[in-house]
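# Residue-level structure breakdown
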Amino acid sequence: MEVAEKISDINQLDMNGLYTYADYLTWTFKERVELIKGKIFRMSPAPSTIHQIVALNLAVELRVFLKKKKCKAFVAPFDVRLAKNKSSSSIKTVVQPDVCVVCDHSKLDKRGCLGSPDLVVEILSPANNEVELSYKFDLYESNGVKEYWIVYPFEQSVQVYVLEKNKFVGLPPYSTNAIINSKAVEGFTIPVIEIFEGIDIV
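Below you will find a few notes about this structure. (Residues numbered from 1 in each chain as written. Predicted model: local features only at pLDDT ≥ 70, side-chain atom pairs only at ≥ 80, totals over all residues. Heavy atoms only, no water.)

## Quick look at the sheet that holds strand β3 (residues 72-75)
Our working definition: We call two strands paired when DSSP finds no fewer than two bridges between them. Secondary structure elements follow DSSP: runs of H or I no shorter than four residues count as helices, runs of E no shorter than two count as strands, and numbering proceeds from the N terminus. The convention used is that axes are lines fitted to C-alpha atoms, helices contributing only their stretch in contact, and that angles between N-to-C directions extend from 0 to 180 degrees. Two residues qualify as a contact provided that any one of their heavy atoms is within 4.5 Å of a heavy atom in the partner residue.
An order of β3-β6-β9-β10-β11-β12 is seen for the six strands of this open sheet, with the pairing classed as mixed. Of all strands in the sheet, those bounded by a partner on one side alone are β3 and β12 (167-170). Each adjacent strand pair in this sheet contributes to an overall mean axis angle of 20°, direction not counted. Here helix α3 (residues 129-142) sits on the sheet and contacts β9 (119-123), β10 (147-152), β11 (157-164) and β12; the angle it forms with β10, its principal contact strand, is near 165°.

Next comes the structure, spelled out in structure tokens:
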């Protein structure tokens, strides 16, 4: 689909159209969006306070654990381009996981990550449940993400999926009295209660 050189207002786009990463790079509007198989998905204008607390709790624990290690942790906004071809015009999926870990540095460049992170964490909110559960599960599985966590802030639980033989296998849900041991980030463990520490102040 042909688009203008620069798009400064999201309303200039056809929300039913199909776009590529090359198009995405021309958009200068403030709204956050993701591309999934060429289709535009609006993201929440700003994460909620609880969402921010949970994301930072996880990111800080990962950052401390990964210090001086090969793998690196990133938090949104951080573009992850899920495609094997490096050409911007052929990439049709660009997502911004809440937290992710990338161990293969060849996938990193100045624009983010080209290829699948080893670990992806998505924190659910009422606005994004359908996208996360219906679209991103299949997307992360088919692109070889080794481990996918879905965090439920209000239930204070975490669902973990581990990639085995190219299919996600769901582990029993982790509640606040459990400890998660990551398989994708070797050696990383975190008590679930620490993920949700501080959300009671909201």
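## Regarding the nonpolar core
Rule in force here: Buried residues of nine kinds, namely Ala, Val, Leu, Ile, Met, Phe, Trp, Tyr and Cys, make up a nonpolar core once their side-chain atoms join them within 4.5 Å. Only protein chains enter the calculation, and the probe is 1.4 Å; a residue is then buried if its accessible area is under 20% of its type maximum, exposed if over 50%, and partly exposed in between.
Within the largest apolar cluster, 29 residues are counted, with the highest numbers of intra-cluster contacts made by Trp-149, Val-151, Val-158, Ile-180 and Ile-195. Here the element with the most residues in this core is helix α2 (residues 49-66); it accounts for seven residues.

## Remarks on the packing of aromatic side chains
Condition: A pair of aromatic rings is counted whenever rings of Phe, Tyr or Trp (Trp by its six-membered ring) have centres within 6.5 Å, and the orientation is called stacked for planes under 30 degrees apart, edge-to-face for over 60 and tilted otherwise. Either the NZ atom of lysine or the CZ atom of arginine qualifies as a charge over a ring when it sits within 6 Å of the ring centre and within 35 degrees of the ring normal.
Considering all chains together, one arrives at 14 aromatic pairs under this definition. Measuring from centroid to centroid gives 5.3 Å for Phe-137 and Phe-168, while their planes differ by 65°, and the two rings are edge-to-face. One end of the pair, Phe-137, is in helix α3; the other, Phe-168, is in strand β12, and 31 residues separate them in sequence. Note on Tyr-148 and Phe-168: the rings are 5.9 Å apart at their centroids and 35° apart in plane angle, and the pair reads as tilted. Within this pair, whereas Tyr-148 is found in strand β10, its partner Phe-168 is found in strand β12, the two being separated by 20 residues in sequence. As far as the burial class goes, Tyr-148 and Phe-168 line up, both buried. Taken together, the ring pairs connect Tyr-19, Tyr-21, Tyr-24, Trp-27 and Phe-29 into an aromatic cluster. The side chain of Lys-69 reaches across the aromatic face of Phe-65, ending 4.5 Å from its centre.

## Observations concerning the state of the cysteines
Where two cysteines share a covalent bond between their sulfur atoms, that bond is called a disulfide. Quick reminder of the rule: Any two cysteine sulfur atoms within 2.5 Å of one another count as a disulfide.
Evaluation of the coordinates by the stated rule reveals one disulfide. Between the sulfur atoms of Cys-71 and its disulfide partner Cys-103 the distance amounts to 1.9 Å. Between Cys-71 and Cys-103, the S-S torsion sits near 100°, and that sign places the bridge as right-handed. One end of the pair, Cys-71, is in the loop between α2 and β3; the other, Cys-103, is in the loop between β6 (99-102) and β7 (108-109), and 32 residues separate them in sequence. Judged by its relative accessible area of 11%, Cys-103 is buried. Summary of cysteine pairing: Cys-100 is not part of a disulfide, and the nearest cysteine sulfur, belonging to Cys-113, is at 6.4 Å. Classification of Cys-100 by relative accessible area gives buried; the value is 1%.

## Points about unusual backbone geometry
Leaving glycine aside, a negative phi is the common case for residues, and trans is the common case for peptide bonds. Cis geometry marks the peptide bond from Ala-76 to Pro-77; its omega dihedral reads 0°. Located in the positive-phi region is Gln-156, a residue other than glycine, with phi close to 50°. Relative to the assigned elements, Gln-156 resides in the loop between β10 and β11. Judged by relative accessible area, Gln-156 falls into the partly exposed class, the value being 30%. Backbone geometry places Asn-166, a non-glycine residue, at a positive phi of 70°.

## A word on a negative patch on the surface
Applicable threshold: Patches here are clusters of residues that have more than 30% relative accessible area and form no salt bridge, with a 9 Å joining cutoff for like charges and a 5 Å cutoff for nonpolar side chains (Val, Leu, Ile, Met, Phe, Trp, Tyr). Each accessible area is a Shrake-Rupley estimate made with a 1.4 Å probe; only the visible protein chains count as cover when residues are assessed. Any carboxyl oxygen of Asp or Glu within 4 Å of a side-chain nitrogen of Lys or Arg constitutes a salt bridge here. For this count, His and the chain ends are skipped, Lys and Arg are scored as positive, and Asp and Glu as negative. Note on charges: their place is set at NZ of Lys, CZ of Arg, CG of Asp or CD of Glu.
Negative charge collects at one region of the surface, where Glu-61, Glu-194, Glu-197 and Asp-200 lie side by side. Mapping Glu-197 onto the fold places it in the segment after α4 (192-195). With a relative accessible area of 55%, Glu-197 lands in the exposed category.

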